[in-house]
Amino acid sequence: MKINANFKDSVFTKLFSEPDLLRELYCALEGTTLPSDLPVSINTLENVVFMDLYNDISFEIGGKLVVLIEHQSTINPNMGLRLLLYISRVLEKIITGKNLYSEKQLSIPWPEFYVLYNGEKPFPDEKILRLSEMFENPQDLGLPKKTNPLLELEVKVININEGRNSELLNRCKKLSEYTVFMTKVRELKKEMENKTEAVNEAVKYCHRYAILKEFLEIHASEVLNMLLTEWNIEDAKEVWQEEAWETGHAVGHTEGKLETARKMKEFGEPIEKIQMFTNLDAETIQTL
């Protein structure tokens, strides 16, 4: 299964690539109103790819650094750690040229983290994921338990599927239209054998009802390739998981992980991603 690597943006990041739309989206997420001339500075990391797609946007607005990630399929329980690593790199960009060792305290933007979920599996309207949920319990090692974690990062996960969080969707027209489009694509994909035809029919439907009309007129071919890439990735993930289970069931859990890692390497997946799926160390993966 070959994945088209020519289209790295997801539909979501392509749609919300304009400062004005990000301002509108942020106001909807926060339930607030900000001046239309309040600057928005996009500082998304260009070389961070998750499952072969750029599905994240980071930007500064009103003294806040917002990291926004769109999630399809399933929620990643490691999101707190992933965002900790991500924002460290963003902050490194922001403070470039400033002296970390000076006696003067530096000022950095207030961080906020959002994940917008539109997968098919059941998920609540809203949920907070915490980095501290990943910490090992010091009591298991015979150490005293801390009252509060000394390092924390909270991610607000919001379900944007149709029929969920309607107030939020009503506050952001583009997000609402995006939800309608993705819902229609999903419906037609189930009804039609040809995925390309399903996307084309969804585009026609949205054109008929003026849903993302201008965006789809300009980027229809890109949107098709983005969605086909996402689906190929999902299919590949299912193959990896099935083969890992079958191999693991037959010859043991460790061998199953190794076989999954081998398959992912055949697809040219980076070491970091293989580690996330298999929990194998980098040295083991490199020797496969």
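Below is a short write-up of the structure. Only a predicted model underlies this, so the values are computations on that prediction, with no experimental measurement involved. (Residues numbered from 1 in each chain as written. Predicted model: local features only at pLDDT ≥ 70, side-chain atom pairs only at ≥ 80, totals over all residues. Heavy atoms only, no water.)

Next up on the list: the overall build of the protein chain. Looking only at helices and strands, the protein chain features 10 helices and 6 strands. Put simply, the protein chain has 288 residues, and 39% of those count as buried. Of the contacts formed within the protein chain by residues at least 6 apart in sequence, a portion of 65% connects residues at least 24 apart. For the protein chain, the exposed surface amounts to about 16400 Å²; the carbon and sulfur share of it is 50%. (Helix = DSSP H or I, 4+ residues; strand = E, 2+ residues; numbered from the N terminus. Buried < 20%, exposed > 50% of the residue type's maximum accessible area, 1.4 Å probe, protein only. Contact = heavy atoms within 4.5 Å. Areas by Shrake-Rupley, 256 points an atom, 1.4 Å probe, with all protein chains shown as cover.)

What follows covers the packing of helix α5 (residues 173–191) against helix α6 (residues 195–208). At a closest axis distance of 8 Å, the pairing of α5 and α6 adopts a crossing angle of 140 degrees. On the basis of their axis angle, the class for α5 and α6 is oblique. With respect to the hand of their crossing, α5 and α6 are arranged in right-handed fashion. Two secondary-structure elements touch here, α5 through V180, F181, K184, V185, L188 and K189 and α6 through K195, A198, E201, A202, V203, Y205 and C206. Looking at side-chain class alone, the contact of α5 with α6 contains 9 nonpolar, no polar and 4 charged residues. (Axes fitted to C-alpha atoms, helices over the stretch in contact; angles between N-to-C directions. Parallel < 35°, antiparallel > 145°, perpendicular 65-115°, else oblique. Left-handed = near helix turned anticlockwise from the far one by under 90°. Nonpolar A, V, L, I, M, F, W, Y, C, P; charged D, E, K, R; others polar.)

Let us now look at the pattern of salt bridges. Evaluation of the coordinates by the stated rule reveals 11 salt bridges. Note that R82 is salt-bridged to D56, the shortest N-O span being 3.7 Å. In this pair, R82 sits in helix α3 (residues 79–94) while D56 sits in strand β2 (residues 56–61), placing the two residues 26 residues apart along the sequence. Comparing R82 with D56, the two get one shared label, buried. The salt bridge involving E112 is made with K64; its shortest N-O contact spans 3.1 Å. Residue E112 is found in strand β4 (residues 110–117), and its partner K64 is found in strand β3 (residues 64–71); the two are separated by 48 residues along the sequence. (Salt bridge = Lys/Arg side-chain N within 4 Å of Asp/Glu carboxyl O.)

In this model, helix α2 (residues 19–30) (12 residues) spans 16 Å end to end at C-alpha, consistent with the 16 Å of a helix rising 1.5 Å per residue. Those residues of α2 not exposed but buried are L21, L22, R23, L25, Y26, C27, A28 and L29. (Expected span 1.5 Å × (residues − 1).)

Between the first and last C-alpha of α5 there are 27 Å, a value that for 19 residues agrees with the 27 Å anticipated at 1.5 Å per step. When we look at burial in α5, the residues that qualify are L175, E177, Y178, T179, F181, M182, T183, K184, V185 and L188.

Moving on, we get to the packing of aromatic side chains. Any aromatic ring pair is given by two values, namely how distant the centres are and how the planes are angled relative to each other. Scanning the entire structure with this criterion turns up 5 aromatic pairs. Look at F12 and F16: their rings are 5.1 Å apart centre to centre, the planes differ by 45 degrees, and that puts the pair in the tilted class. With relative accessibility at 1%, the residue F16 sits in the buried group. Considering the side-chain rings of F12 and Y178, the 5.8 Å spacing of their centres and the 65 degrees angle between planes classify their relative orientation as edge-to-face. With a gap of 166 residues between them, F12 in helix α1 (residues 11–15) and Y178 in helix α5 connect regions that are remote in the sequence. When its relative accessible area of 1% is taken as the criterion, Y178 is described as buried. An aromatic cluster of three or more residues is present, and its members are F12, F16 and Y178. Lying over the aromatic face of Y205, K184 brings its terminal NZ or CZ to 4.2 Å of the ring centre. (Phe/Tyr/Trp six-rings, centres within 6.5 Å; stacked < 30°, edge-to-face > 60°. Lys NZ or Arg CZ within 6 Å of the ring centre and 35° of its normal.)

Turning our eyes to something else, we now look at a nonpolar patch on the surface. There is a patch of nonpolar side chains on the surface, built from L81, L85, M134, F135 and L151 and spanning about 430 Å² of accessible area. Take M134: it is sitting in the loop between β5 (126–130) and β6 (154–159). You can call M134 partly exposed: its relative accessible area is 31%. (Patch = residues over 30% accessible without salt bridge, like charges linked within 9 Å, V, L, I, M, F, W, Y side chains within 5 Å.)

Formed by 43 residues in total, the largest nonpolar core has its most connected members in F12, F16, L175, F181 and L227. Excluding residues that lie within four positions of it along the chain, F12 makes contacts with L25, I57, L68, E70, L116, L175 and Y178. By size, the runner-up hydrophobic cluster in this structure holds 19 residues, among which are V67, Y86, Y117 and L131. (Core = buried A, V, L, I, M, F, W, Y, C linked by side-chain atoms within 4.5 Å.)

That is the geometry; function is a separate question.
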